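Given next are the chains, with one letter for each unit.
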Amino acid sequence: MDTLSLLFGSTLRLKMLRLFLLNPEGIFDIDNLTTKMSVKARAIETETAFLKKLGLVKSSKVMKRVEIKKGKKLIAKKVRMSAWTLDERFKYRDALSDFLTRIHPVEHKAIVKRLERAGRIKAVVVSGIFTGQPESRLDMFVVGDNVKNSSMDRIVRGIESDMGKDIRYVVVSGPDYAYRVSMNDKLVRDVIDFPHTILLDKIGISR
């Protein structure tokens, strides 16, 4: 467990604090939270109860379309579910949000190491939420060969859970990247010409 997790009580609590504080307009039901946090519903219920008692979140109800199995058939049905959102009256909201924004939850080396599980990664460039530029077109630009999309999606979801924010990312192959550079591609220019950080560069992006 890292220092911040120890400070805030647990890794799950830290992730949930990030999620609510960095997404103040978001409304998250139990399904959202179990998926984003990759934990069981009971753990989510324990943490939301704590955060509600603290005054950081407030509960509400949302209508959600779910599929219920009846015999061999799946029937769509709308159900009323518990959900939670940030309580804007929480007096430490701004101070805590600023603190969590300044403290990066995932080391750059750890990001590259995770991504390398999905294929032969040749370059990783981050911007957007990683560099304090939320208006950027992308948060992560990856160049790699033989990349398994399902593995990449799963890895990015894990990083999103740590960050507390959805990540806008693109993966291109080495030949595709070379072609885009030769054509002065707008996507590449939008990444390289604006504030960014290169985490890995085996193909000369920095040249």
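Residues numbered from 1 in each chain as written. Predicted model: local features only at pLDDT ≥ 70, side-chain atom pairs only at ≥ 80, totals over all residues. Heavy atoms only, no water.

A short note on the environment of Asp29
Phase 1: Here Asp29 is to be found in strand E1 (residues 28-29).
Phase 2: Assessed through its relative accessible area of 6%, Asp29 is described here as buried.
Phase 3: In contact with Asp29, other than residues within four places in its own chain, are Val62, Lys64, Met81, Ser82, Ala83 and Trp84.
Phase 4: Within the local environment of Asp29, its side chain forms a polar contact with the backbone nitrogen of Asp31, the two atoms lying 2.9 Å apart.
Phase 5: A distance of 2.8 Å separates a polar side-chain atom of Asp29 from the backbone nitrogen of Asn32. (Helix = DSSP H or I, 4+ residues; strand = E, 2+ residues; numbered from the N terminus. Buried < 20%, exposed > 50% of the residue type's maximum accessible area, 1.4 Å probe, protein only. Contact = heavy atoms within 4.5 Å. Polar contact = N/O pair within 3.5 Å; in protein donor to acceptor, adjacent residues only side chain to side chain.)

Quick look at the sheet that holds strand E3 (residues 73-86)
Phase 1: Here we have 3 strands laid out as an open sheet, ordered E1-E3-E2, and antiparallel in their pairing. The strands lining the two open edges of the sheet, one partner per strand, are E1 and strand E2 (57-70).
Phase 2: Bridging between E2 and E3 involves 14 bridges; their strand directions are antiparallel. By the bridge assignment for E3, Arg65 is matched with Lys78. (Pairing = 2+ DSSP bridges.)

Concerning the packing of helix H2 (residues 11-22) against helix H5 (residues 93-102)
Phase 1: It is at 10 Å that the axes of H2 and H5 come closest, and there the two elements cross at 115°. By the angle between their directions, the pair H2 and H5 is classed as roughly perpendicular. Where H2 crosses over H5, the handedness of that crossing is left-handed. Residues Leu14, Leu17, Arg18, Leu21 and Leu22 of H2 form the contact with H5, whose participating residues are Arg93, Leu96, Ser97, Leu100 and Thr101.
Phase 2: Grouping the constituent residues of the contact of H2 with H5 by class yields 6 nonpolar, 2 polar and 2 charged. (Axes fitted to C-alpha atoms, helices over the stretch in contact; angles between N-to-C directions. Parallel < 35°, antiparallel > 145°, perpendicular 65-115°, else oblique. Left-handed = near helix turned anticlockwise from the far one by under 90°. Nonpolar A, V, L, I, M, F, W, Y, C, P; charged D, E, K, R; others polar.)

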